[in-house]
Structure formats: structure tokens, C-alpha cells
Amino acid sequence: MFYKPQSKETGLMWDTWLYWHEGTYFLFYLAKPKSDGQWDNVSLATSDNGVHWKEQGAILAKRPDAVWMGTGSTWASPNFERDGKFFINFSEWRGDQQTIFFGESTDLIRWTRLEDELELKPDARWYNVDQGGDSRWDCIFTTPSDEGGLWGYWTATPSAHYGVGFGRSDDGIAWEALEPPKIEPPLQHRCQHGAVARIGDTYYHMLNLNHGGMYTYLAERPQGPLRRAEKNAALLTSGDDASFAGARYTYFARFFHAPDGLLVNHH
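First things first, this report covers the structure right here in the doc. In this text the structure is predicted, and so the values were computed from the model without any measurement.

This part takes up the packing of aromatic side chains. Under the counting rule described, the total for this entry stands at 16 aromatic pairs. Summarising the aromatic geometry, the rings of Phe-28 and Trp-111 are spaced 6.0 Å apart at their centres and angled 80° between planes, so their arrangement reads as edge-to-face. Linking Phe-28 in strand S2 (residues 24-32) with Trp-111 in the loop between strand S7 (97-105) and strand S8 (112-113), this pair joins segments that are 83 residues apart in sequence. Seen in terms of ring centroids, Trp-151 and Phe-166 are 5.4 Å apart; in terms of plane orientation they differ by 20°. Their pairing is stacked. Note that Trp-151 is positioned in strand S10 (residues 150-156) and Phe-166 in strand S11 (residues 164-169), a separation of 15 residues in sequence.

Right under this line is the structure:
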């Protein structure tokens with residue numbers, strides 16, 4: 001149930017996410033070949049049982065004009081029965097801004113970067129566009145919309161309050177940023193959005209708060225508000241913010257739908 005890449009080209013791993021399809025577990029992760037380098041690729045491993053893994057290596061690499069690459073997640077096209085496509089998102093820091101890009105695949109192993117015209121940028125009506133090295137804009141995690149298409153949530157810096165990014169897509173790759181949901185009680189610092197899963201009529205969100213671990217928030221509508229769980233809010237956490245430097249706690253957990261139900265993976 002543990003995995004560590006061996007390829008020198010892949011090198012070190014960080015943020016992880018999983019996808020299961022037709023008997024295979026696909027483990028995606030942000031990677032870099034050198035400890036003193038920048039995160040520069042998304043790599044992949046596969047397994048038929050979730051225990052023993054085959055390293056597939058890098059599937060996407062940052063563009064030469066990007067400083068570094070950021071994490072993402074993977075989902076099926078809302079029109080999968082017709083087009084048979086899977087999509088992946090990732091971020092890149094180009095110039096003075098972090099923005100989100102996309103790739104597509106039909107087998108979850110061979111991936112093609114999509115055109116820059118699909119780049120998702122912060123909407124100045126609701127989000128900080130003065131990046132300056134401190135704002136965030138990456139890592140869409142999706143859940144189906146009852147009206148078709150997908151809802152998406154991601155790590156962002158709303159301009160009115162601390163919180164998360166929120167948007168919608170009809171086709172899974174052309175995204176519209178929407179007004180960010182309110183967080184109750186209001187956050188006192190920036191957070192990272194790990195994942196969302198709908199169970200019944202409730203949307204369960206995992207947020208990383210101030211690098212202190214993962215916490216559970218609930219919403220009755222896609223638009224929020226996101227309310228901190230009254231019971232067992234601290235999902236996977238050390239309770240010690242200072243431990244981040246040594247990575248001695250669970251960081252940035254994600255949901256994934258496995259054959260026997262909803263699971264959580266983390267690194």
C-alpha cells in the first residue's frame with residue numbers, strides 16, 4: 001500500500017492523486033528529478049490491485065518558459081460514452097502568475113497537452129490577480145453536476161475572504177470561474193482544496209488548513225457555503241503547523257472512487 005518512484009528521470013514525488021478504471025489503479029503524482037530542482041513533470045504508476053505498482057514514468061512535462069509545474073487531478077469527460085476521453089489538469093508558473101492547463105487521453109497512460117487557449121486564469125471579479133508569488137490558482141477537483149457537465153473546486157486566493165476557487169464546465173476542459181463559496185466559520189488564513197465528493201445530497205470537501213493537515217467541510221449546494229464538520233472535522237492532521245518543514249504529517253489528501261467505494265489517498 002506504499003509506493004515510491006525508482007526512476008531517476010522521475011525522481012522525487014509530491015502531490016498525488018488516483019483514478020480507477022476497468023480494473024486498473026492509476027497513480028498520478030507531481031515529480032522532479034533533483035532535490036534542488038523545480039517540480040517539472042507529472043508521472044504515473046499503475047496497479048491491478050492497489051498494492052503492487054508498475055512505474056510508467058513521466059506523462060507530462062512543464063513548458064520551457066514555465067518556472068515550475070503544479071499539481072492537478074484526473075476525470076472522465078462528461079461526454080465519455082461518446083468521445084471516450086479522460087482529462088487532466090495541472091498548473092504552471094509563467095512570468096508572474098500561476099494558471100491552470102489541461103491534457104487529454106483515451107487510455108490514461110498516453111497524454112497530450114491541450115492548447116493554451118484553454119488556459120484557466122483568475123477572474124478579477126472574485127480572485128486576486130496580483131500574484132506576486134503569494135497567491136494560488138491550481139488543482140481543479142471535480143464532481144458531476146445534475147444539469148450535466150462538472151462542478152470544479154481548486155486552490156485559489158479569493159479577494160473578499162480566504163477560501164477556495166469554484167467553477168463549472170460543460171465539456172470538462174473549458175472552465176468558467178464563478179464566485180467562490182463562503183466558508184463557515186470564516187478562515188483566518190489561506191487554505192488548499194484537496195478534494196470533493198458528493199455522498200447523497202451532501203458535498204464533502206477536504207481542505208488543508210495552514211499546512212496543518214486535512215479538515216472536513218460540508219455543503220448542501222455546489223455553490224456552498226462550506227461549513228466545517230461538527231464531528232470529526234480533523235480528518236488527517238498532526239495539529240502542529242511547524243511540522244510542515246519535515247513533512248511529518250499527512251498532507252493534501254484526495255478522494256478517489258474505487259471498486260468497493262470511496263477511498264482517500266495521501267502522501
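In this section: the sheet that holds strand S3 (residues 41-47). The 4 strands lie next to each other as S1-S2-S3-S4, forming an open sheet whose pairing is antiparallel. Bordering the open sheet on either side are strand S1 (12-21) and strand S4 (54-61), each of which pairs with just one other strand. Sheet twist, expressed as the mean angle between neighbouring strand axes with direction ignored, is 25°. In this sheet, S4 lies alongside S3 in antiparallel orientation, the contact comprising 6 bridges. Residue pairing for S4: Leu-44 is matched across the bridge by Gly-57.

Our next topic: the pattern of salt bridges. When the charged atoms of two side chains with opposite charge come close together, those side chains can pair. Per the stated rule, a full pass over the model turns up 12 salt bridges. Of the charged contacts in the structure, one is a salt bridge between Lys-85 and Glu-104, with a shortest N-O distance of 3.5 Å. Residue Lys-85 is found in the loop between helix H1 (80-83) and strand S6 (86-94), and its partner Glu-104 is found in strand S7; the two are separated by 19 residues along the sequence. Ionic pairing is found between Arg-198 and Asp-146, a salt bridge with its closest N-O pair at 2.9 Å. Placement of Arg-198 in strand S14 (residues 191-199) and of Asp-146 in the loop between strand S9 (137-144) and S10 is noted, with a sequence separation of 52 residues between them. With relative accessibility at 28%, the residue Arg-198 sits in the partly exposed group. Taken together, the salt bridges that share partners define one network made up of Arg-63, Glu-92, Arg-94, Arg-113 and Asp-116.

A separate point is the sheet that holds S11. Reading across the sheet, the 4 strands line up as S9-S10-S11-S12 and stay open at both edges, with antiparallel pairing between neighbours. Every other strand in the sheet has two partners, leaving S9 and strand S12 (175-178) as the edge strands with one partner each. Taking each pair of neighbouring strands and ignoring which way they run, the sheet shows an average axis angle of 30°.

Bringing the environment of Glu-9 into the picture now. Take Glu-9: it is sitting in the segment before S1. The residues contacting Glu-9, other than those within four sequence positions of it, are Pro-33 and Asn-41. For Glu-9, the side chain forms a polar contact with the side chain of Ser-7, separated by 2.9 Å.

Now for the pairing of S1. Both S1 and S2 contribute to a ladder of 8 bridges, which runs antiparallel. Across the sheet, Leu-12 pairs through a bridge with Lys-32, a residue of S2.

Okay, the nonpolar core next. Ranked by size, the top nonpolar core spans 38 residues in total, and within it Phe-102, Leu-120, Trp-137, Ile-140, Trp-154, Trp-175 and Tyr-217 carry the most contacts. Here this core gets 5 residues from one element, more than from any other, and that element is S10. Each residue touching Phe-102, except ones within four places of it in the same chain, is listed here: Trp-75, Ile-88, Asn-89, Phe-90, Arg-113, Leu-114, Leu-118, Leu-120, Ile-140, Ile-173 and Trp-175. Formed by 17 residues, the second largest nonpolar core is a distinct cluster that contains Trp-39, Val-42, Leu-60 and Phe-86.

Let us now look at the side chain of Thr-10. The residue Thr-10 is located in the segment before S1 in this model. For Thr-10, a relative accessible area of 1% corresponds to the buried category. At 3.4 Å, the side chain of Thr-10 and the side chain of Ser-43 are in polar contact. Those residues within four positions of Thr-10 in sequence are excluded, and the remaining contacts are Pro-5, Tyr-29, Ala-31, Lys-32, Pro-33, Asn-41, Ser-43, Glu-55, Gly-57 and Ala-58.

Analysis parameters
- Just so you know, the residues in each chain are numbered from 1, in the order the chain's sequence is written.
- Totals for whole chains, interfaces and linings use every residue, but because this is a predicted model, local features are given only for residues with pLDDT of at least 70 and side-chain atom pairs only at 80 or more, for both listing and counting.
- Working from all heavy atoms in the structure, the side-chain values ignore hydrogens and water.
- Here is the rule: rings of Phe, Tyr and Trp (six-membered ring for Trp) pair when centre to centre is within 6.5 Å. Planes less than 30 degrees apart are stacked, more than 60 are edge-to-face, and the remainder are tilted.
- Secondary structure elements are defined from DSSP: runs of H or I of at least 4 residues count as helices, runs of E of at least 2 residues count as strands, and each element is numbered from the N terminus.
- A strand pair is defined by DSSP finding two or more bridges across the two strands.
- Only the stretch in contact is used when a helix axis is fitted, and all axes are lines through C-alpha atoms; the angle between N-to-C directions ranges over 0 to 180 degrees.
- Take a side-chain nitrogen of Lys or Arg and a carboxyl oxygen of Asp or Glu: if they are within 4 Å of each other, that pair is a salt bridge.
- Partly exposed residues are those whose accessible area sits between 20% and 50% of the maximum for their type, while under 20% is buried and over 50% is exposed, using a 1.4 Å probe and protein chains only.
- Only heavy atoms enter the contact rule, under which two residues are in contact if any of them lie within 4.5 Å.
- Contacts described as polar in this section are N or O atom pairs within 3.5 Å, which, within protein, must combine one atom able to donate a hydrogen with one able to accept it, while residues neighboring in sequence count only if both atoms come from side chains.
- Here, nonpolar core means buried Ala, Val, Leu, Ile, Met, Phe, Trp, Tyr and Cys residues that are tied together by side-chain atoms lying within 4.5 Å of each other.

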